[in-house]
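The lines below spell out each chain.
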Amino acid sequence: MAPTLYLIYPSPPVRAVLITAKAIGLDLDEKPIDFFQGAHLKPEYLKLNPQHTVPTLVDDDGFAIWDSHAIMTYLVSKYAKDDSLYPKDLKKRAIVDQRLHFESGVFFARLLGITRPIIFQGKTDIDDAARDNMLEAYGFLNTFLEGKQWVAGDFISVADYSLISSVTSIEVLVPIDAAKYPNVVAWEKRLKARPEYQANKKGMDEFVVLFNSKMGKK
């Protein structure tokens, strides 16, 4: 049996897991939940994930884990043919881990600071401070990529998949200036040319529709 992934497709963390699964050739049993109707708050879901977030993975032996970063590293460690996406080498892994923590603690956190008020509070503009924080995060990422093909060095990793799902999402609301952040733009282009990036497209399209409707755009 394939592992089960509970998800909503527009979610960047969900898409990061889907990209990872495609990269390692792993089929997932995708189970969309009606997040906006409170399906994530039902007892059966809370039993799996008391934080009631998406994505949540349930492996074929019943093991449940949530948080996209934990899911991605788990899937690669268990199902990938090699460790290239999440190296066993301690120094390489430390850099990948740092980039993953950057995505969760800085980049995605700042993304949420912009998207949550739009989704849940009816906000239709972006505060200057929130925009500046996001631009600073672009700057950090641009620095990480200086002289490198991928965010952790010369090899693609789960950190790239985690970040690309968020970057492609937030740039819908806070565009990336190619003159200021050329490394980010070039990295994004490289990733979009890879076959596993196709797993980002369905949710990305839904993300655009959702936020265009919330922002009053057609």
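Look up: the structure comes first, before these words.
Here's what I pulled together on the structure shown here. Keep in mind the model is a prediction, meaning the values are calculated, not measured.

## Some details on the overall build of the chain
Looking only at helices and strands, the chain features eight helices and four strands. Along the chain, helices and strands appear, N-terminal first, in the series β-α-β-α-β-β-α-α-α-α-α-α. For 218 residues, the compact-globule estimate of 2.2 N^0.38 gives 17 Å, and the chain sits close to it at 17 Å. Across its three principal directions, the C-alpha atoms of the chain cover 50 × 45 × 25 Å. Each of the 218 residues in the chain was classed as buried or not, and the buried ones make up 49%. If you take every contact in the chain between residues at least 6 apart in sequence, the share linking residues at least 24 apart comes to 70%. Here the chain displays about 10,800 Å² of accessible surface, and carbon together with sulfur accounts for 54% of that area. For the chain, the distance from the average site of its 27 positive side-chain charges to the average site of its 28 negative ones is 2 Å.

## Concerning helix H6 (residues 158-170)
Between its first and last C-alpha atoms H6 spans 19 Å; for 13 residues at 1.5 Å apiece the expected length is 18 Å, and the two agree. The element H6 is extensively covered by neighbouring structure, given that 13 of its 13 residues are classed as buried.

## With respect to unusual backbone geometry
Cis geometry is adopted by the peptide bond preceding proline 55, which originates at valine 54 and carries an omega value of 0 degrees. Among the secondary structure elements, proline 55 is positioned in the loop between helix H2 (43-48) and strand E3 (56-58). With a phi close to 45 degrees, histidine 52 is a non-glycine residue in the positive phi region. When you line up the elements, histidine 52 lands in the loop between H2 and E3. Residue classification places histidine 52 among the partly exposed positions, given a relative accessible area of 31%. Although it is not a glycine, aspartate 67 adopts a positive phi angle of roughly 80 degrees. In this structure, aspartate 67 sits in the loop between strand E4 (64-66) and helix H3 (68-79). Classification of aspartate 67 as partly exposed rests on a relative accessible area of 36%.

## Quick notes on the sheet that holds strand E1 (residues 4-7)
Spatial strand order, E2-E1-E3-E4: four strands in an open sheet with mixed pairing. Each edge of the open sheet is held by one strand with a lone partner, namely strand E2 (29-32) and E4. On average, adjacent strands in this sheet sit at an angle of 20 degrees to one another, irrespective of strand direction. Where E1 and E2 come together, four bridges link them in parallel fashion. Looking across to E2, one finds that tyrosine 6 is bridged to lysine 31. Across the sheet, H3 lies against E1, E3 and E4, angled at about 130 degrees from E4, the strand it touches most.

## Considerations on the packing of helix H4 (residues 90-120) against helix H5 (residues 128-144)
H5 packs onto H4 with a crossing angle of 160 degrees between their chain directions and a minimal axis gap of 9 Å. The orientation of H4 relative to H5 falls into the category roughly antiparallel. Helix-helix and strand crossings are classified by hand; for H4 and H5 the assignment is left-handed. On H5, the residues that touch Gln98, Arg99, Phe102, Val106, Phe107, Arg110, Leu111 and Ile114 of H4 are Ala130, Asn133, Met134, Glu136, Ala137, Tyr138, Phe140, Leu141 and Phe144. Of the residues assigned to the contact of H4 with H5, the class counts are 12 nonpolar, two polar and three charged.

## Concerning the pattern of salt bridges
Scanning the entire structure with this criterion turns up eight salt bridges. For lysine 78, the salt bridge goes to aspartate 59, with nearest N and O atoms at 2.8 Å. Placement of the pair is lysine 78 in helix H3 and aspartate 59 in the loop between E3 and E4, with a sequence separation of 19 residues. Residue lysine 78 is classed as partly exposed on the basis of its relative accessible area, which comes to 40%. Residue lysine 192 pairs with glutamate 188 through a salt bridge whose shortest N-O separation is 3.2 Å. In this pair, lysine 192 and glutamate 188 are both assigned in helix H7 (residues 182-192), four residues apart and thus about one turn of the helix distant. The exposure class of lysine 192 is partly exposed, given its relative accessible area of 37%. Each of the salt bridges in this network shares a partner with another, and the network as a whole consists of Lys123, Asp125 and Asp127.

What counts and what doesn't
- Residues numbered from 1 in each chain as written.
- Predicted model: local features only at pLDDT ≥ 70, side-chain atom pairs only at ≥ 80, totals over all residues.
- Heavy atoms only, no water.
- Helix = DSSP H or I, 4+ residues; strand = E, 2+ residues; numbered from the N terminus.
- Rg over C-alpha atoms; globule rule 2.2 N^0.38 Å.
- Buried < 20%, exposed > 50% of the residue type's maximum accessible area, 1.4 Å probe, protein only.
- Contact = heavy atoms within 4.5 Å.
- Areas by Shrake-Rupley, 256 points an atom, 1.4 Å probe, with all protein chains shown as cover.
- Lys, Arg positive; Asp, Glu negative; His and termini not counted.
- Charge placed at Lys NZ, Arg CZ, Asp CG, Glu CD.
- Expected span 1.5 Å × (residues − 1).
- Pairing = 2+ DSSP bridges.
- Axes fitted to C-alpha atoms, helices over the stretch in contact; angles between N-to-C directions.
- Parallel < 35°, antiparallel > 145°, perpendicular 65-115°, else oblique.
- Left-handed = near helix turned anticlockwise from the far one by under 90°.
- Nonpolar A, V, L, I, M, F, W, Y, C, P; charged D, E, K, R; others polar.
- Salt bridge = Lys/Arg side-chain N within 4 Å of Asp/Glu carboxyl O.

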